[in-house]
Amino acid sequence: MGDSVTTRQVEIVEVGPRDGLQNESTVFSTADKVEFIERVIAAGTRRVEVASFVNPKRVPQMADAEDVLKALPRRSGIHYVGLVLNRRGFDRAAAAGCNEIGMAVVASDTFNQRNQGATTAESIAAWLDIAAAAHAAGIRAQVTVSAAFGCPFEGEIAPERVVEVAREVAQGNPCEIAIADTIGVGVPSQVTDLLGRLRKALPAMPLRCHFHNTRNTGLANAYAAIEAGASVLDASVGGIGGCPFAPAATGNIPTEDLLY
Ligand code: MG
């Protein structure tokens, strides 16, 4: 049983500097953000979501994304992930020197509109364009299907819908597809079901999961995800995080607890 939960290697992506800090009422200095990133790298993290390249008027906490990247030394084996929501964001992330980008496409149209001012179909089209540009530029590109279990505006999201969106974004040849429980409403049985469907639909695609802990199901969901074949998990130091456009969602699963 070489594939058991206890023997498989699972990679962690630290999302605290982005998902965590975007939701703080305080706007931290660039120097503090860089210090935070340096510390998680010193702790052994190899992939860090360092910033999002979004409209600074909508997310002022991320307004210094370029400055954060400028202050980080390039290191072999370390991936600085920039979150982007459209082509403009990708162009900024590429110019700033991100060696990996993550795009998000929301499984529900209402949330996609609120989060990124486009329909889900428009964001999928934007992702396909971004993916091609990233591949041409030698930048690693992955994509997240957000609100994959529930939407704060539309309620429960059918797993069939998530699989459909995942199939469409897979056309862009991402290095992995992530499934995000953006508002933290999923339970382990749903994770098992959804990942099973995704592995069947896209057998060769590496799967990452992103859980929020609104109902304290995050770590149980993470366990279920590994068991169901996820190879990468997002987490944030101290469990900080949330989404400015998702009312009442709380933080990510805490990195230190997940590791434990
Ligand atoms: Mg999140």
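Above this text you will find the structure in question.
Bear in mind that the values here come from a model prediction, so they are computed numbers and not experimental data.

What counts as what
- Residues numbered from 1 in each chain as written.
- Predicted model: local features only at pLDDT ≥ 70, side-chain atom pairs only at ≥ 80, totals over all residues.
- Heavy atoms only, no water.
- Buried < 20%, exposed > 50% of the residue type's maximum accessible area, 1.4 Å probe, protein only.
- Helix = DSSP H or I, 4+ residues; strand = E, 2+ residues; numbered from the N terminus.
- Pairing = 2+ DSSP bridges.
- Right-handed = clockwise from strand over helix to strand, strands pointing away.
- Phe/Tyr/Trp six-rings, centres within 6.5 Å; stacked < 30°, edge-to-face > 60°.
- Lys NZ or Arg CZ within 6 Å of the ring centre and 35° of its normal.
- Axes fitted to C-alpha atoms, helices over the stretch in contact; angles between N-to-C directions.
- Left-handed = near helix turned anticlockwise from the far one by under 90°.
- Contact = heavy atoms within 4.5 Å.
- Nonpolar A, V, L, I, M, F, W, Y, C, P; charged D, E, K, R; others polar.
- Donors = N, O, S within 2.8 Å, 3.2 Å for Na, K, Ca; no water.
- Salt bridge = Lys/Arg side-chain N within 4 Å of Asp/Glu carboxyl O.

### Some remarks on the pairing of strand 9 (residues 207-211)
Every other side chain in a regular strand lies on the same face of the sheet, so the side chains alternate between the two faces.
At step 1: Most of strand 9 is tucked away, with five of its five residues classed as buried.
At step 2: Going residue by residue along strand 9, you find Leu 207, Cys 209 and Phe 211 tucked away on one face and Arg 208 and His 210 tucked away on the opposite face as well.
At step 3: As paired elements, strand 8 (residues 177-181) and strand 9 share five bridges and run parallel to each other. Each bridged residue has a counterpart across the sheet, and for Ala 180 the counterpart in strand 9 is His 210.
At step 4: Since strand 8 and strand 9 lie parallel, the crossover through helix 8 (residues 188-201) that links them has a hand, and here it is right-handed.
At step 5: By the bridge criterion, three bridges tie strand 9 to strand 10 (residues 232-235) in an arrangement that is parallel. Paired with His 210 across the two strands is Asp 234, which belongs to strand 10.
At step 6: At this point the chain moves from strand 9, through helix 9 (residues 218-227), to the parallel strand 10, and the crossover so formed is right-handed.

### Looking at the packing of aromatic side chains
At step 1: By the definition in use, this model includes one aromatic pair.
At step 2: Considering the side-chain rings of Phe 111 and Phe 153, the 5.8 Å spacing of their centres and the 80 degrees angle between planes classify their relative orientation as edge-to-face. Pair noted here: Phe 111 is in helix 5 (residues 109-116) and Phe 153 is in the loop between strand 6 (150-151) and strand 7 (155-156), with a separation of 42 residues, a long-range link.
At step 3: Residue placement shows Arg 58 over the ring face of Phe 245; its charged tip is 4.2 Å from the ring centre.
At step 4: Its guanidinium or amino end placed over the ring of Phe 153, Arg 114 lies 4.0 Å from that ring's centre, counting from NZ or CZ.

### As for the side chain of Asn 221
At step 1: As for its position among the elements, Asn 221 is in helix 9.
At step 2: Of the residues examined, Asn 221 reaches a relative accessible area of 0% and is grouped as buried.

### Re the packing of helix 7 (residues 159-170) against helix 8
At step 1: Where helix 7 meets helix 8, the axes come as close as 10 Å, and the angle between the chain directions of the two elements is 35 degrees. Seen along the crossing, helix 7 lies across helix 8 with a hand that is right-handed. Taken together, the residues of helix 8 that come into contact with helix 7 (itself represented by Pro 159, Glu 160, Val 162, Val 163, Ala 166 and Arg 167) are Asp 193, Leu 194, Arg 197, Leu 198 and Ala 201.
At step 2: Classifying every residue of the contact of helix 7 with helix 8 by side-chain character gives seven nonpolar, no polar and four charged.

### Examining the coordination of the magnesium ion
At step 1: Looking at the magnesium ion, one finds its protein donor set to be Asp 19 (OD), His 210 (NE2) and His 212 (NE2), positioned 2.0 to 2.3 Å from the metal centre.
At step 2: Along the chain, the residues donating to the magnesium ion are arranged with the sequence spacing D-x190-H-x1-H. In terms of burial, His 210 and His 212 fall into one category: buried.

### Overview of unusual backbone geometry
At step 1: The residue Ala 147 is not glycine, and still its phi comes out positive at about 50 degrees.
At step 2: Despite not being glycine, Asn 173 has its phi angle at roughly 50 degrees, a positive value.
At step 3: Examined against the element boundaries, Asn 173 turns out to sit in the loop between helix 7 and strand 8.

### Some words on the pattern of salt bridges
At step 1: Throughout the structure, instances matching the rule amount to 17 salt bridges.
At step 2: In this structure, Arg 87 and Asp 129 form a salt bridge, with 3.1 Å as the shortest nitrogen-oxygen distance. Of the two residues, Arg 87 is situated in helix 4 (residues 87-96) and Asp 129 in helix 6 (residues 120-137); the sequence distance between them amounts to 42 residues.
At step 3: Judged by its relative accessible area of 36%, Asp 129 is partly exposed.
At step 4: As a salt-bridge pair, Arg 197 and Glu 160 come within 3.4 Å of each other at their nearest N and O atoms. Taken together, the residues Arg 197 in helix 8 and Glu 160 in helix 7 connect sequence positions 37 residues apart.
At step 5: One continuous salt-bridge network, built from bridges that share partners, spans Glu 11, Arg 47, Glu 100, Arg 140, Glu 176, Arg 208 and Asp 234.

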